[in-house]
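# Per-entry structural report
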Amino acid sequence: MRQDLRQRLLSANQVGILSHWAKLSPHEQSLVERQLELIDLEFLANLFDKRNSPFALPEAEKIAAVPVLHPSTNSPESKNEGLKALAKGEVAILMVAGGQGSRLGTLQPKGTWPITPITQKSLFELHSEKVLTLSKKANRDIPFLIMTSPATHDQTVTFFTSHSFFGLKKEQVIFFTQGTMPAVDLNTGAILFEEPAKVFASPDGHGGTLTALKKTGLLEQLKSQGIKHLFFFQVDNPLVQIADPVFIGHHISHRSQLSSKVILKDSPTDKLGNFIQVDGRCQIIEYSDLPLELANRKKHDGSLFIDTGNPAIHLFDVDFLNVVSSNGDALPFHLARKKVPHVDTNLSKVVPEKENAWKFERFIFDIFPLAERWLLVSTKRDEEFAPLKNAQGDDSPETAKQAQCKLFIQWLEKAGIKMPAYSATPEIEISPSFAMDAEELFRKLPGNFQAIFPLLLQDNPKEF
Ligand code: UTP
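Throughout, a residue's number is its position along its own chain's written sequence, starting from 1. Note on the predicted model: pLDDT of at least 70 is required for a residue's local features to be given, and 80 or more for side-chain atom pairs to be given and counted; whole-chain, interface and lining totals, by contrast, use all residues. For the side-chain quantities, the full set of heavy atoms in the structure was used; hydrogens and water were omitted.

### With respect to the site of the ligand
Defined as follows: We call a residue near a molecule or strand whenever a single non-hydrogen atom of that residue lies within 4 Å of it. Here a polar contact is taken to be a pair of N or O atoms separated by no more than 3.5 Å, where protein atoms must pair a possible hydrogen donor with a possible acceptor and residues adjacent in sequence count only if both atoms sit in side chains. Accessible surface is estimated by sampling points in the Shrake-Rupley manner with a 1.4 Å probe; for residues, cover comes only from the protein chains shown.
Not every one of the 18 residues close to the ligand is listed here, only the nearest: Gly-98, Gln-100, Ser-102, Gln-178 and Lys-389. In the model, an oxygen atom of the ligand is placed 2.8 Å from a nitrogen or oxygen of the Lys-110 side chain. Here an oxygen atom of the ligand and a backbone polar atom of Gly-205 are 2.9 Å apart. For the ligand, the protein covers 88% of the area, taking 560 Å² as the surface of the free molecule.

What follows is the structure, given as structure tokens:
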């Protein structure tokens, strides 16, 4: 092994690899050297040293509830402002799709999962159709950035290519790949190898977006194209209103650096990030870090003191992103205990029965405290948040399908459509190209329209 690398490994207490080094072929040795050279060993050692420091909660008396803007139903001025920004080409859309979908148990990228109630469009197709519809309305090709991870990249690009980019222009869709972090042994901090010559690396979290945007030069590119606002969402939410003009309008009129849609928590321990305010800055406490006493605290009127949840729908000011991303360590790493299969020093495979490793991830919402000007805009869970996380039970394909059908019932009712009686939730699908909301549905359907279930409303469907 090269002397300088050996020295770095020794000073970072990474002696594990040295003990199986001699068992590797020269080719494997050079592969390992190349991977290790890319790892900041000292930084990794520091993260491991801090593994037992608990999440530092702000002092109780400093925590305040957050102000939330409740837009009136149509907010025509904000909507116009948002539509103007879209038409002027000041908005780009970013979808994070790099996760591993381990709870869902899929080997394909989560975005390929069939999600719509009747036509079974994939998440990728559904989101692309929204971007395409919005682009037609704005009369320009809104850039659609898609963050993948090394594990999902090729399959994602192939999926889009083989489906003709779902009608989007090829140049409009920009794939970029997030970084990875090695997993380390729970007790010793030694880097784990998934194969004798392959470091076990996993995606560095959705917070890796910031570093990846910077490293790939995309942030600079967005700025030079005159893009001022970047709309962020997660691939696993079929209800998201992509680049909602009303949201964009409020973000612009408040000169906000970072805006977020928020939903009311269902219960004190709802599994959502919790928005709080500390010294005038906004921050999010993960549900797993929120102490029960604080979660249960009530306001004078009996409502929850911390009642504002994070559905991961954000809007970033591009200049703000450029400033914060100039500091590579702007977002902290969070540590999670995980089961990581690996090879031991005899190069035998180990499949752990209990957690044996630390994985490191950054979370995008840690960017909130860095914003001086921020804005939270309320939305409703049943209108905009139905995440696909698990194979069964809560947040599963079944609940995501039900949520879509229930939302479409609301739209039809708001549009004044006569509905037959039903006992179980009827199957309804309204494709984004037909209508993006109740208002549009109202304009599109004739006054005497009678719904018959299952109901599929779509414009000139295309087979991709
Ligand atoms: P989750 O935290 O739910 O992770 O991601 P996941 O990979 O989808 O599912 P599990 O935890 O393995 O079961 C929320 C969103 O953030 C993206 C995911 O693609 C999803 O849209 N994400 C997550 C990334 O893009 N990169 C990551 O490293 C992690």
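Right, picking up where we left off after that structure.
### With respect to unusual backbone geometry
Spelled out, the test is: Think of it this way: any DSSP run of H or I at least four residues long counts as a helix, any run of E at least two long counts as a strand, and we number them from the N terminus.
Here the bond from Phe-453 into Pro-454 is cis, since omega is -10 degrees, no more than 30 degrees from zero. Mapping Pro-454 onto the fold places it in the loop between helix H15 (438–444) and strand S22 (455–457). Even without being glycine, Phe-166 reaches a positive phi, approximately 50 degrees. Examined against the element boundaries, Phe-166 turns out to sit in the loop between helix H7 (153–162) and strand S4 (173–177). Phi is positive for Ala-312, which is not a glycine, with a value near 65 degrees. Tracing the chain through its elements places Ala-312 in the loop between strand S14 (308–310) and strand S15 (314–317).

### Remarks on H7
Put simply, the rule is: A 1.4 Å probe rolled over the protein chains alone gives each residue an accessible area, and that area as a share of the maximum for its type sets the label: buried under 20%, exposed over 50%, partly exposed in between. Throughout, the arc means the angular range of directions from the helix axis out to the C-beta atoms. In what follows, a contact means two residues having at least one pair of non-hydrogen atoms within 4.5 Å.
Along H7, the residues classified as buried are Thr-156, Phe-159 and Phe-160. Within H7, the buried residues cover an arc of 95 degrees as seen down the axis, which keeps them to one side. Tucked inside the fold, the buried residues of H7 contact helix H6 (123–138), strand S3 (144–148) and S4. Positive backbone phi, approximately 50 degrees, marks Ser-164, located one or two places after H7.

### Some details on the pairing of S15
For clarity, the threshold we go by: In this analysis, strands are considered paired if DSSP registers two or more bridges between them.
Burial along S15 is two-sided: the face carrying His-314 and Phe-316 and the face carrying Leu-315 and Asp-317 are both buried. In the sheet, strand S10 (residues 229–234) pairs with S15 via four bridges, with the strands oriented antiparallel. Considered in S15, the bridge of His-229 is made with Asp-317. Where strand S11 (residues 258–264) and S15 come together, three bridges link them in antiparallel fashion. Looking across to S15, one finds that Leu-258 is bridged to Phe-316.

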